[in-house]
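Survey of secondary and tertiary structure
One letter stands for each residue in the lines below.
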2 protein chains.
Amino acid sequence: MPPRRPLTLRDVSEASGVSEMTVSRVLRNRGDVSAATRDKVLEAARTLGYVPNKIAGALASQRVNLVAVIIPSLSNMVFPEVMTGISNVLDETDLQPVVGVTNYQPARAEKVLYEMLSWRPSGVIIAGLEHTDAARAMLRSADCPVVEIMDIDGDPVDAMVGISHRRAGRMMAQAIVEAGYKRIGFLGTKMPLDHRARKRFEGFTEALAKAGLEVEDQQFYEGGSGMTKGREMTAEMLKRCPDLDFLYYSNDMIGAGGLMYCLDQGIDIPNSLGMAGFNAVELLGGLPMQLATMDACRTEIGEAAARIIATRAEDPSGGGGECIELTPTVAHGDTLRAV
Amino acid sequence: MPPRRPLTLRDVSEASGVSEMTVSRVLRNRGDVSAATRDKVLEAARTLGYVPNKIAGALASQRVNLVAVIIPSLSNMVFPEVMTGISNVLDETDLQPVVGVTNYQPARAEKVLYEMLSWRPSGVIIAGLEHTDAARAMLRSADCPVVEIMDIDGDPVDAMVGISHRRAGRMMAQAIVEAGYKRIGFLGTKMPLDHRARKRFEGFTEALAKAGLEVEDQQFYEGGSGMTKGREMTAEMLKRCPDLDFLYYSNDMIGAGGLMYCLDQGIDIPNSLGMAGFNAVELLGGLPMQLATMDACRTEIGEAAARIIATRAEDPSGGGGECIELTPTVAHGDTLRAV
DNA sequence: GTGAAAGCGCTAACAG
DNA sequence: CTGTTAGCGCTTTCAC
């Protein structure tokens, strides 16, 4: 057995007695090749176990079938769902998503972006509208479509697809006000790290203000959002302010923890206390009570974003600056009184 | 503004008055370059907004800093945790993970693998030991380290890192037997789709048999494992076999759903009924009762796998065929009586 | 329908 | 410390 050297087109060419060029044509289903030649080539390629070298191919053709997807985390169920949407659409094309994770760190985001752009992807899908100056500069001069997703409250570099978190916050506030709750507490992530949560909170307080109300107590946390965290924070807040009649959580996981705590305590939900989260986490479907929440249209966002990239990959001249706003809906569940 | 053409080294070379080769050295921190030249180059590169073309670089250097990670799903929290482990280690190197998702479909796995191998990655990390013949063939002839993860009950193509699911099943069975439970039901995914669950089940029944017991009832499902599913299945099984005294679930999510159901029903856990899952999902920390479970060492698996790749990337001659078995531990939680 | 030549943008290897 | 030369493996372009 000769020292293993990666197979090249030339090997297939020699094995099949067909020129490299024609082998290349066959392997890419390009141009007219006689059935006989095609068979010879495919046969040779398969028995050799040839895998084309996309690096060389991409360099020569100036075409890369990769789409860079840059997200803050995989642990937050939101992003896997966005990925599902993206895959749903890209699977129909020859584009391939490549995922980069930033862990909510702007510095990492910059590095991941740089790294991915250096592979000259056919498109970039990136979470959020807030980026460092350097990242924005890279996105702007990237020679491919850029879709910023999840959020539309801001100025995109190119295209954007998402929901208005400010509006989402307002909608939830309105539902709460309409249901007659008055003494409202907020529990969520530390804002500077989470722009979308901040915008929801802003919309939320704004709509409360319009109804003459304000948030009576608030508490912020850092780190992973498990149910444990929600449980602890809820216990603390209710100890501090026992007369609250509603708790608004920045996401469903901590909300579910809070809900479990309240049920343990025998609190009468949703009458003496209402609760709501954000994000419609379906994993939580089995809880004894359904938390009020709001669907953030994650799969749809991924699909729409991917569609923009795919469309422009087909026709690079068209498109640009697309802006797609999706509309979330409030689910009252069992923890927010209907009116 | 001239028609936008991607910047090349030559542009930086011209802008800085330094040869392409030296520019290249600076940008890669390679070899000795005088501080003066270095500054000129970096300055020029930054103001131009140059991003190197890794495609060309990789072709020339025959080196790619990508590690292909192939996993069945992102929705199953297991895999994001493995990814965390991988990132923990690769972040210290210049290697970059690239994720491909197969959705548990062998055909997709083949395609994703082919696609990734065609980019000539520095390593492959792939979930499971079971692959189609074509996939195995590709892995075998891939010219890079291949680490199969999660499971070690089988023959690896090259290296493997994981736990023995058969042993995990046995361990849980022993804990259950020792605790004195006798009438045991099993609820899990359809086996042909999930080799690791199957192996756990095999080990489980084997250890039960050794204690003179067998599974009294079992039920399988397909599709996403949310708490809802676990709740429904549990209700059905307990209706069918009300005298069961233990329920073993193939994962924590459905187990948690079952637990919620039983608590709703006022069943006395863990006395009249014990329960256990698999995978130590920490998101569930806030439930009123902690499900007995078993840690599958996901982060550690990712770390160990990445370390193998990183080590071999440094010294391509060394290594090969590493096999790392990690040992899970049983957590009794509140749903499995201690002895 | 098929082949030959040129070069994609970078880096290895060597020369100064 | 810096520059020159020759490809990396494929596809584009053009010729037959």
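The written sequence of each chain sets the order in which its residues are numbered from 1. All chains are assigned letters beginning with A, and all ligands numbers beginning with 1, in the order in which they are written. Side-chain atom pairs in this predicted model are given and counted only at pLDDT of 80 or more, local residue features only at pLDDT of at least 70, and totals for whole chains, interfaces and linings cover all residues. The basis for every side-chain value is the complete set of non-hydrogen atoms in the structure, without hydrogens or water.

**Observations concerning the packing of helix 2 (residues 20–28) of chain A against helix 3 (residues 35–48) of chain A**
All names here are of chain A. Only the stretch in contact is used when fitting a helix axis, every axis being a line fitted to C-alpha atoms; angles between N-to-C directions are given from 0 to 180 degrees. Where helices and strands are cited, they refer to DSSP runs of H or I of at least four residues and of E of at least two residues respectively, numbered from the N terminus. Between helix 2 and helix 3, the shortest axis-to-axis distance is 9 Å and the interhelical angle comes to 85°. When the axes of helix 2 and helix 3 are compared, the pair comes out roughly perpendicular. Between helix 2 and helix 3, the residues in contact are Thr22, Val23, Val26 and Leu27 and Thr37, Arg38, Val41, Leu42 and Ala45, respectively. Considered class by class, the residues forming the contact of helix 2 with helix 3 number six nonpolar, two polar and one charged. For classification purposes, angles smaller than 35 degrees are called roughly parallel, those larger than 145 roughly antiparallel, those between 65 and 115 roughly perpendicular, and all remaining angles oblique. Whether two residues are in contact is decided by their heavy atoms: any pair within 4.5 Å suffices. Note on residue classes: Ala, Val, Leu, Ile, Met, Phe, Trp, Tyr, Cys and Pro are nonpolar, Asp, Glu, Lys and Arg are charged, and everything else, Gly too, is polar.

**Section: the state of the cysteines**
Simply put, disulfide is the name for a covalent bond between the sulfur atoms of two cysteines. Cysteine sulfur atoms that pair up within 2.5 Å are treated as a disulfide. Applying the stated criterion to the full structure yields zero disulfides over all chains. Of the cysteine sulfurs around Cys323 of chain A, a residue in no disulfide, the closest is that of Cys297 of chain A, at 14 Å. Each residue's exposure class comes from its accessible area (1.4 Å probe, protein chains only) as a fraction of the maximum for that residue type: buried when under 20%, exposed when over 50%, partly exposed otherwise. Among the residues examined, Cys323 of chain A registers a relative accessible area of 47% and is labelled partly exposed. With no disulfide of its own, Cys241 of chain B lies 13 Å from the sulfur of Cys262 of chain B, the closest cysteine sulfur. Using a relative accessible area of 16% as the deciding quantity, one classes Cys241 of chain B as buried.

**A closer look at the interface of chain A and chain B**
Accessible area lost when the parts come together is the quantity often used to give the size of an interface. Taken residue by residue, the interface counts 51 residues in chain A and 51 residues in chain B. Here the quantity called buried area is the accessible surface, traced with a 1.4 Å probe, that two parts lose on coming together, added over both. Carbon and sulfur atoms make up 60% of the surface buried where chain A meets chain B, a total of about 4800 Å² over both sides. It is Ile55, Trp119 and Arg120 of chain A that lose the most area in chain A upon contact with chain B, and together they represent 15% of the buried surface on that side. Here, a salt bridge means any side-chain nitrogen of Lys or Arg that lies within 4 Å of a carboxyl oxygen of Asp or Glu. Applying the counting rule to chain A against chain B returns four salt bridges. The partner of Glu115 of chain A in a salt bridge is Lys54 of chain B, with the nearest N and O atoms 2.6 Å apart. Here a polar contact means two N or O atoms within 3.5 Å. Within protein one must be a hydrogen donor candidate and the other an acceptor candidate, and residues neighboring in sequence count only if both atoms are side-chain atoms. At the boundary of chain A with chain B, the tally comes to 14 residue pairs in polar contact (both at pLDDT 80 or more).

**Observations concerning the side chain of Asp245 of chain B**
Residues and elements named next belong to chain B. If you trace the backbone, Asp245 turns up in the loop between helix 10 (227–240) and strand 8 (246–249). A distance of 2.9 Å separates a polar side-chain atom of Asp245 from the backbone nitrogen of Lys182. Beyond its immediate sequence surroundings of up to four residues, Asp245 is in contact with Gly180, Tyr181, Lys182, Arg183, Ile184, Ser272, Leu273 and Gly274.

**Notes on the packing of aromatic side chains**
Residue and element names in this part refer to chain A. Side-chain rings of Phe, Tyr and Trp, where Trp is taken by its six-membered ring, are said to pair if the distance between their centres is within 6.5 Å; with planes under 30 degrees apart they count as stacked, over 60 as edge-to-face, and otherwise as tilted. Enumeration according to the criterion identifies 13 aromatic pairs over all chains in this entry. Ring centres 6.4 Å apart and planes at 90° place the aromatic pair Phe201 and Phe220 in the edge-to-face group. Residue Phe201 is located in helix 9 (residues 195–210), and its partner Phe220 is located in strand 7 (residues 215–221); the two are separated by 19 residues in the primary sequence. The exposure class assigned to Phe201 is buried, which follows from its relative accessible area of 14%.

**Some details on the protein's contact with DNA strand C**
Throughout, near means a residue has at least one heavy atom within 4 Å of the molecule or strand. Residues in contact with DNA strand C amount to 25 residues; listed here are only the nearest, Arg25 and Thr37 of chain A together with Leu9, Ser24 and Tyr50 of chain B. Sugar plus phosphate: this is where 68% of the atoms of DNA strand C within 4 Å of the protein reside. For DNA strand C, a phosphate oxygen lies 2.7 Å from a polar atom in the side chain of Ser19 of chain A. A breakdown of the residues in the surface near DNA strand C according to their chemical character gives ten nonpolar, ten polar and five charged.

**Here's the deal with the sheet that holds strand 3 (residues 123–127) of chain B**
All names here are of chain B. On the basis of which strands lie adjacent, the open sheet formed by six strands has the order 2-1-3-4-5-11 and parallel pairing. At either margin of the open sheet sits one strand with a lone partner, and together these are strand 2 (96–101) and strand 11 (323–325). The sheet shows a mean angle of 15° between the axes of neighbouring strands, direction not considered. Both strand 1 (residues 66–71) and strand 3 contribute to a ladder of four bridges, which runs parallel. DSSP bridges decide pairing: two strands pair if at least two such bridges lie between them.

**Details of the UniProt feature "domain: HTH lacI-type" (unreviewed entry) in chain A**
UniProt positions are given in the numbering used here, feature names are shortened, and annotations may be inferred rather than shown by experiment. Residues given the UniProt feature "domain: HTH lacI-type" (unreviewed entry) here are residues 7–61 of chain A. As annotated, residues 7–61 of chain A has a helix share of 71% and a strand share of 0%, and its two end C-alpha atoms lie 20 Å apart.

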